[in-house]
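# Residue-level structural notes
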Amino acid sequence: MICFPNAKINLGLHVTGKRPDGYHNIETVFYPVPLRDALEVVRADQPSFTQCGILPDVAPENNLVMKALHALKEKHLLPSPAVYLKKNIPPGAGLGGGSADAAFMLKLLNTFAGLHLDDAELEEIAAGIGADCPFFIRNKPVLATGTGNVFESLPLSLKGYTLYIVKPDASVSTREAYRHVNPSKPARPLREIISRPVTEWREALTNDFEESIFARCPVIGEIKNRLYAEGALYASMSGSGSSVFGLFRTDKPLRFPGCFVWKGMLEQESLN
């Protein structure tokens, strides 16, 4: 059985406060996009995990795919799987690639093993694997609050826009990103901003991480400026970086030497 875990972008990101447990409360919109990995499980005499493509700097046993497998095995009897993962979503990019792989692994194993778990049960297991993982169970646009784990569905469609995702050869530590941001309540609720036309987002829809990250890693800010110079209606860093995305109404060829670049047309709001 095979599936294709997709990335997400963050439309706006406000860090609204620090929690007693040391984490932060945020307000952001997760939007699924069709940049995809490939994940396959087959029955095997001995379990195994094979990966290729853009490999993350993490030991195979610590890959979120394997954490998803072990989390499900703690609760349910599973047949022995051989797992194959091809990584097309770059790690450390703010695109949620590892979280998507884990969530899709849960959904794939649910079918593979005939467990018949519903989305709520899968989301509960996913929450124990990583903060972004539960989003990818339903994989639809949501306003996310709390630590990014409380979801409210949004009637938001970017169908017809051309999306560019550009990631330089630079990485951003999520821990460092939070260390340099000053939590505050936004002047306007994100729900209100996102309801406006995309042409009005440039000044109002902001990512709180950008100021400090652009100062420490100017190439990321330069990519955002270049996307606007090339005609993007809206451009932003995704999550805590280091990728930047731009929304275009026209399908124009752009080159960013030395960077990971992906271009695609947004066609639908739910990817499963």
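Scroll up to find the structure this text is about.
This text gives an overview of the structure that appears in the document. All values reported here derive from a predicted model rather than from experimental measurement. (Residues numbered from 1 in each chain as written. Predicted model: local features only at pLDDT ≥ 70, side-chain atom pairs only at ≥ 80, totals over all residues. Heavy atoms only, no water.)

This part covers the nonpolar core. Core analysis: the largest hydrophobic core is formed by 52 residues, its most contacted members being L11, W201 and L227. When residues of this core are traced back to their parent elements, those giving at least two are β2 (6-18), β3 (24-36), β9 (162-167), α6 (190-194), α8 (210-216), α9 (218-229), β10 (234-237) and β11 (244-248). Once you skip the residues sitting within four places of it in the chain, W201 turns out to touch L11, L156, L158, I193, I194, R196, Y234 and L247. Listed in part, the 35 residues of the second largest apolar core include A71, A100, F112 and I137. (Core = buried A, V, L, I, M, F, W, Y, C linked by side-chain atoms within 4.5 Å. Buried < 20%, exposed > 50% of the residue type's maximum accessible area, 1.4 Å probe, protein only. Helix = DSSP H or I, 4+ residues; strand = E, 2+ residues; numbered from the N terminus. Contact = heavy atoms within 4.5 Å.)

This next bit is on the packing of helix α1 (residues 64-73) against helix α2 (residues 97-112). α2 packs onto α1 with a crossing angle of 35° between their chain directions and a minimal axis gap of 8 Å. Crossing of α1 over α2 shows right-handed handedness. Across the interface between the two elements, L64, V65, A68, L69 and L72 from α1 touch G98, S99, D101, A102, M105, L106, L109 and N110 from α2. The residue inventory of the contact of α1 with α2, partitioned by class, reads nine nonpolar, three polar and one charged. (Axes fitted to C-alpha atoms, helices over the stretch in contact; angles between N-to-C directions. Left-handed = near helix turned anticlockwise from the far one by under 90°. Nonpolar A, V, L, I, M, F, W, Y, C, P; charged D, E, K, R; others polar.)

A word on the packing of aromatic side chains. Counted under the stated rule, the structure contains seven aromatic pairs. Geometrically, the ring pair formed by Y164 and F248 is edge-to-face, given 5.7 Å between the ring centres and 70° between the ring planes. Here the residue Y164 occupies a position in strand β9, and F248 occupies one in strand β11, the gap between them amounting to 84 residues. Judged by its relative accessible area of 0%, F248 is buried. Ring centres of Y234 and F245 lie 6.1 Å apart, and the angle between their planes is 55°; this geometry places the pair in the tilted category. Separated by 11 residues along the polypeptide, Y234 in strand β10 and F245 in strand β11 bring together distant segments of the chain. Y234 sits in the buried class, given a relative accessible area of 1%. The exposure class of F245 is buried, given its relative accessible area of 1%. (Phe/Tyr/Trp six-rings, centres within 6.5 Å; stacked < 30°, edge-to-face > 60°.)

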